[in-house]
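Working through the structure, step by step
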Amino acid sequence: MRDFLIIWWAQVTSRIGTQISQFVLPLLVLSATGSASTAGMIAALEQVPYVLLAIPAGALVERWNKQVVMAIGNFARAVLFGLLAGYLLGGGTDVLFIAVTVLSSGVVYTFFDQASGTVFPRILPAHELARASGWVEGTTAMTEVLGPALGGALIGLGANTMEGAGYAFGADAITYVIAGIGVLCLRTSLRPVAVQERHEPLWASIREGISYLLSHRELRRLALANFVNIAALGTVWLSFMTLMRTEFHIDSSRTGLLLSLGALSGVLGSFCSGTLHRRLGAYGVMLFTGLGWSAGELIMALAPAPWAAVLGLALALWVAPPYFSTLYAHRMSIIPQPMHTRINSIYRLLAQAGLPLGLASGGALLESLGSRGFLALAAAVFLAAAITVHLRVHREKSQ
């Protein structure tokens, strides 16, 4: 378990920094422009390279040493966010500089994610994947608690939001340095296995992975469901921040603390992952979490006070770890190991292409519908997706 613990620790460290940045970035752009749609567009930029590069990146990373890819990815993002921190602390205010940094980080992340997303099957036995994934989801939920609180505190250190954001991005850069050093300490070989070293054209390798996923009915269904869920889920934080700002007039530091309180429920949800998986199965968990997301968004839409909105956020975040840990273990169990990286990259592209779409369209809808109207719409989307998947699986079982 030594290498798993190293990767786990590296991910916890870097994700704390990532959560800080994800909390700070919308506030930074809102402060600079006053536009929720611009904040959503800038946040979506980090996901655009994933949509464009995920498939070729997956085929390439399958041929490379994943340890090297992960180390370079961490150190590269440390440089990018370190430069952004210096720019903001030096008095820079150009949104274009922020956008270029976010876009560059997205390119680096695309390759990093293809490597890190398929490491666990290389260092753990198959029967440990669900438990390990639940552990990772639980600690990810913990970073969602710490990140916004630390982000709000770091913003408070500055004379204004721009300067405070500089401190926050500097902290993010440090976490990537620590994570990169941790990855270099791995002992398990993460070089390509023999079957992956065949010298076939890159396009032929990509085509083989695409054909496999498209011909596999269950993988297609999972990818489509994730597309819808992630598009809606990606807007939860932005809509909560907008609700706090426009409806309850709460400042950035207090918003960070409230986000942290809501995210605490994600830690509790991770402890339920194994039990829910055993009792409900993969598709039962999907229905359960879809209903939870829908109810959480509706509670936020109707919230008469900030505490009620935090309860809705807590419900939405509580059901997220069981969903992602269960679906990860289920997906990896049905994909042949020699094709893990290729097919996982295509699957995640189809699933996560919804994130930039959700962020960009979410920002625009927030301005046109208002935070409460948008939250009600998101609740309807989650409910429709959950019921659709449940009915389709039930119909196939009957046939």
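So, here is what we can say about the structure in this document. Please read all numbers here as calculations on a predicted model, not as lab measurements.

Cut-offs and rules
Residues numbered from 1 in each chain as written. Predicted model: local features only at pLDDT ≥ 70, side-chain atom pairs only at ≥ 80, totals over all residues. Heavy atoms only, no water. Helix = DSSP H or I, 4+ residues; strand = E, 2+ residues; numbered from the N terminus. Buried < 20%, exposed > 50% of the residue type's maximum accessible area, 1.4 Å probe, protein only. Contact = heavy atoms within 4.5 Å. Areas by Shrake-Rupley, 256 points an atom, 1.4 Å probe, with all protein chains shown as cover. Axes fitted to C-alpha atoms, helices over the stretch in contact; angles between N-to-C directions. Parallel < 35°, antiparallel > 145°, perpendicular 65-115°, else oblique. Left-handed = near helix turned anticlockwise from the far one by under 90°. Expected span 1.5 Å × (residues − 1). Bend = angle between axes of the 7 residues up to and from the residue.

**Here we look at the overall build of the chain**
Counting its regular elements, the chain contains 17 helices and zero strands. Within the span of the chain, comprising 399 residues, buried residues form 57% of the whole. Across the chain, every contact between residues at least 6 apart in sequence was considered, and the portion connecting residues at least 24 apart equals 87%. Total accessible area on the chain stands at roughly 16200 Å², and carbon and sulfur atoms take up 68% of it.

**Observations regarding the packing of helix α10 (residues 217-233) against helix α13 (residues 273-302)**
In the contact formed by α10 and α13, the axes pass within 12 Å of each other and the chain directions differ by 15°. Taken together, α10 and α13 sit at an angle that is classed as roughly parallel. Of the two elements, α10 crosses α13, and the hand of that crossing is left-handed. Listed contacts from α13 to Glu218, Arg221, Leu222, Ala225, Asn229 and Leu233 of α10 are Tyr283, Met286 and Trp293.

**Side note on the environment of Gly180**
Looking at the element boundaries, Gly180 is found in helix α8 (residues 161-184). Under the relative-accessibility criterion, Gly180 is labelled buried at 0%. Sequence separation of Gly180 and Ala76 is 104 residues, and the distance between their C-alpha atoms is 9.4 Å. In this view, Gly180 contacts Ala71, Asn74 and Phe75; residues no more than four positions away in its chain are not counted.

**Focus on α13**
Compared with an ideal rise of 1.5 Å per residue, which puts 30 residues at 44 Å, α13 spans 28 Å between its outermost C-alpha atoms and falls more than 12% short. A bend of about 105° at Leu280 is the largest found in α13.

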